[in-house]
Structure formats: structure tokens, C-alpha cells
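Read off the chains here:
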Amino acid sequence: MEKTELKIRIFGDPVLRKKSTEIKAITLRYREVLSQMAQLMYESDGIGLAAPQAGINEAMIVIDAGSGLYKLINPKIVKVGGSQVNQEGCLSVPGLCIKVRRANKITVKALDEFGKPLNIQAEGLLACVFQHEIDHLKGKLIVDYASFLEKIRIKKTLEGFKKRVKHEKLSESEAKSCKLQL
Ligand code: NI
């Protein structure tokens, strides 16, 4: 893995649409990247961040939804139940809030930063964040959940992203448009 200067990638950047590869051997470099991702998440006032959002197509996520920091490698959802609907924002799709229906209770299998297997049970907000971040590893974004009418409504915003300069800083209102920034 190459050394990357981590910055939030914005909609239109192809890295967000690629599937992330599974990590085979966990080295010090991954631990460093996970720490940098956590730092980037906190700096951006996010509660979750997936590696593609930092320009890396490898299966890593960081989450802190108020119950402590998770740094996970190769996370997979192995069990789902119930349902919940939230207005989700995404650090990579600033200025948009999309209603997304997801499972309310999930079990996630993953490795920690030292390669230790974990079995995590989550529900409510934390379950929502896990599903959002794991979607990122599949190249899936909240805009993919938009209804037909919503897609028409957000078309201009999405086209605007493609025209803006790469890594251009977000305006305050864009950054704060949705309560949940994932
Ligand atoms: Ni996101």
C-alpha cells in the first residue's frame, strides 16, 4: 500500500465507486492508516469513515457513534434483523440528507487492527453506521437509496460535485447540512 495523504474524497471521485479488496496481511502500515482515518473522521465531525472516502480501496472502516472508537478490517455483516429509517448524510456527498431504510440489529464479523477476530452486535444508530460504512466498501453511496423523485431533486447538487476542484474545502453549511455525517 502506498503512502497516502488522507483527504475526504467527494462524489465523482472514482475511488468511491470501486469495490475494496480484502486485507490479507495486517501490517503496521494498516494500523497507521486506521489512526489517520480516525483522525480525519474526528476532524470532519463524522461518526464513521470508510477507507475509500480517504482514497484507499482496501476494506477498513472507523466508527465512533458515541460508544467508543472501532477500527476494523474486513468487516462483514453476518446477521440482520428488524428495520429502521434515518436521514443519513455522508462526508463524501456533502449537502445531502437521504432517507435510508436499514436493518435495526446486526452482527458484524471483522478483525481488529492486530488481526484479532471480532464479533460485534449493534443496534439502532450504531447498526446504521456500520451498514453505511460497509456499503462504502462495496462502492455504494446514500444517493443509491434515493427515490425517483429525490434523484431528480439532487441531480443539480451531484452535477456540481463533478465540476468542483478536487479536495476543495466544503462550505460550513454543506458540512453541517445533515446531523448524521458518515
Ligand atoms: Ni459515507
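Caption draft 1: Spotlight on the overall build of the protein. When its secondary structure is counted, the protein shows four helices and seven strands. Walking the protein from its N terminus toward its C terminus, one meets helices and strands in the order α-β-β-β-β-β-β-β-α-α-α. Its C-alpha radius of gyration of 16 Å places the protein within 12% of the 16 Å reference for a compact globule of 182 residues. Considered along the principal axes of its C-alpha atoms, the protein spans approximately 45 × 40 × 25 Å. Buried residues in the protein amount to 48% of all 182 residues. Contacts in the protein between residues far apart in sequence, at least 24 positions, make up 70% of those at least 6 positions apart. Total accessible area on the protein stands at roughly 9,500 Å², and carbon and sulfur atoms take up 53% of it. Of the charged side chains in the protein, 31 are positive and 21 negative; the average position of the first set lies 5 Å away from that of the second.

Caption draft 2: Main features of the pattern of salt bridges. This structure, assessed with the given rule, holds nine salt bridges. Ionic pairing is found between Lys-155 and Glu-159, a salt bridge with its closest N-O pair at 3.6 Å. Of the two residues, Lys-155 and Glu-159 are both situated in helix 3 (residues 148–163); the distance of four residues between them amounts to about one turn of the helix. Put simply, Glu-88, Arg-102 and Asp-135 are held in one network by salt bridges that share partners.

Caption draft 3: Broad picture of helix 2 (residues 125–137). With 13 residues, helix 2 extends 19 Å from end C-alpha to end C-alpha; this agrees with the ideal 18 Å at 1.5 Å per step. Of all 13 residues that make up helix 2, 12 are buried, and the element is covered over most of its length. Directly beyond the C-terminal end of helix 2, a positive phi value near 85° is found at Gly-139.

Calculation rules
- Residues numbered from 1 in each chain as written.
- Predicted model: local features only at pLDDT ≥ 70, side-chain atom pairs only at ≥ 80, totals over all residues.
- Heavy atoms only, no water.
- Helix = DSSP H or I, 4+ residues; strand = E, 2+ residues; numbered from the N terminus.
- Rg over C-alpha atoms; globule rule 2.2 N^0.38 Å.
- Buried < 20%, exposed > 50% of the residue type's maximum accessible area, 1.4 Å probe, protein only.
- Contact = heavy atoms within 4.5 Å.
- Areas by Shrake-Rupley, 256 points an atom, 1.4 Å probe, with all protein chains shown as cover.
- Lys, Arg positive; Asp, Glu negative; His and termini not counted.
- Charge placed at Lys NZ, Arg CZ, Asp CG, Glu CD.
- Salt bridge = Lys/Arg side-chain N within 4 Å of Asp/Glu carboxyl O.
- Expected span 1.5 Å × (residues − 1).

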